[in-house]
Each structure stands twice: as C-alpha cells, then as structure tokens.
Amino acid sequence: MEKIFVPSQIDLPLDRIFIVAATLNTFKGRRHLDVQIFRPGAEDAELEAIKGLGLVAPADPAVPAEVLQGATEEAALRCILESFTHDESQALVKYLEQRYADQIEKITVCPLDLPVPLGVSPLAGLTESKTTGFIRFDAVRDYPLPFPAYGFYDLAAQQPASEE
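Cut-offs and rules
Residues numbered from 1 in each chain as written. Predicted model: local features only at pLDDT ≥ 70, side-chain atom pairs only at ≥ 80, totals over all residues. Heavy atoms only, no water. Phe/Tyr/Trp six-rings, centres within 6.5 Å; stacked < 30°, edge-to-face > 60°. Buried < 20%, exposed > 50% of the residue type's maximum accessible area, 1.4 Å probe, protein only. Lys NZ or Arg CZ within 6 Å of the ring centre and 35° of its normal. Helix = DSSP H or I, 4+ residues; strand = E, 2+ residues; numbered from the N terminus. Polar contact = N/O pair within 3.5 Å; in protein donor to acceptor, adjacent residues only side chain to side chain. Contact = heavy atoms within 4.5 Å.

This paragraph deals with the packing of aromatic side chains. In the structure shown here, the tally under the stated rule is nine aromatic pairs. Here the aromatic rings of Tyr 95 and Tyr 100 are separated by 6.1 Å at their centres, their planes lie at 85 degrees, and the arrangement is edge-to-face. When its relative accessible area of 14% is taken as the criterion, Tyr 100 is described as buried. Taken together, the ring pairs in this structure connect Phe 38, Phe 134, Tyr 150 and Phe 152 into an aromatic cluster. Taking NZ or CZ as reference, Arg 136 lies 5.3 Å from the ring centre of Tyr 150, over its face.

Take a look at the structure:
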C-alpha cells in the first residue's frame, strides 16, 4: 500500500485541516475506486468556534449561479469540520493499514486548501443512491478510534472491472 503524506506548509488557524483519500483495489465491481474519507457529525460548538476565522472565500465566479443557490457559509464550514487533525489522520491511516492493507492501493493525507469557496458542502449531506454511498468504518466491529470515519464513494466515477 502506497502512503502519501503532504504536510501543511503554513500555520493555519485550526487543527482539523487534514483530508484523507484512499484508492481501493476493488469495491462493488469497480477497480481502483477513489474514496474520500471524512469525519461526520461536527457539533454546533465546533462550528461556532471557527466562524469569523476567514475560512470561507467568495464563490468561484466560474460556478453558475443556479449551482450556488442555497449555498451557505455554515455548509462550507461544516465541510472543513469533516477533516481530521494531524494526529487523527495518522491514527486513521494506521488503522486502515492494519485492517485493510490488502484492499487499499493508496492512501493520501494532505491539508485542505483554505479558504474554501462558498458553495462547497459537507459530504455527510449527500444522499446515497444506486451508485453513491458511504463506507461506515466506525460501524465495523472493534473499530478502535475515538472519532467516526466514513468513506464516500461514487461508483459511476469508475468503469466496472469487467470493462477494463
């Protein structure tokens, strides 16, 4: 399993800035499936603590207005709160390596690009469908970490293994 760790190059105003992505060998009939691993369920107190820190930028002007309809600063901040601290990301990688080493091709840990643009929203707010869903790592028996971790996947983003 390849592991890539990208350290933060600047001092940031919060600790939860690391995002984790994994590429699975095979999953639900797909090969090389990318999974964005995130921390769901941020508390309102955590949200309040990061308001006013300048973590949300104006929306990208290239994004059509209809896409941004309903976009809020709170949603963008909740997106940030789905990231992990440095120590959490290290513990998560260690757990994934021990439990799923033969199923994961690569894990990447890197800091978020801040500020995030208005219009991003938390992964936990997405609905599951025939091709999208969540891997609930924390629901697995004997999950040892003190924080939840979900993996979002989109099967439509990858060709079926039988077509490769």
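We now examine the side chain of Arg 16. Tracing the backbone shows Arg 16 in the loop between strand E1 (2-5) and strand E2 (18-27). There is a polar contact of 2.3 Å between the side chain of Arg 16 and the side chain of Glu 46.

Of all eight residues in helix H3 (residues 73-80), six are buried, a share of seventy percent or more. Where H3 is concerned, the buried positions are Ala 75, Ala 76, Leu 77, Arg 78, Cys 79 and Ile 80. Buried residues along H3 sit in contact with helix H1 (44-50), strand E4 (56-57) and strand E6 (116-117).

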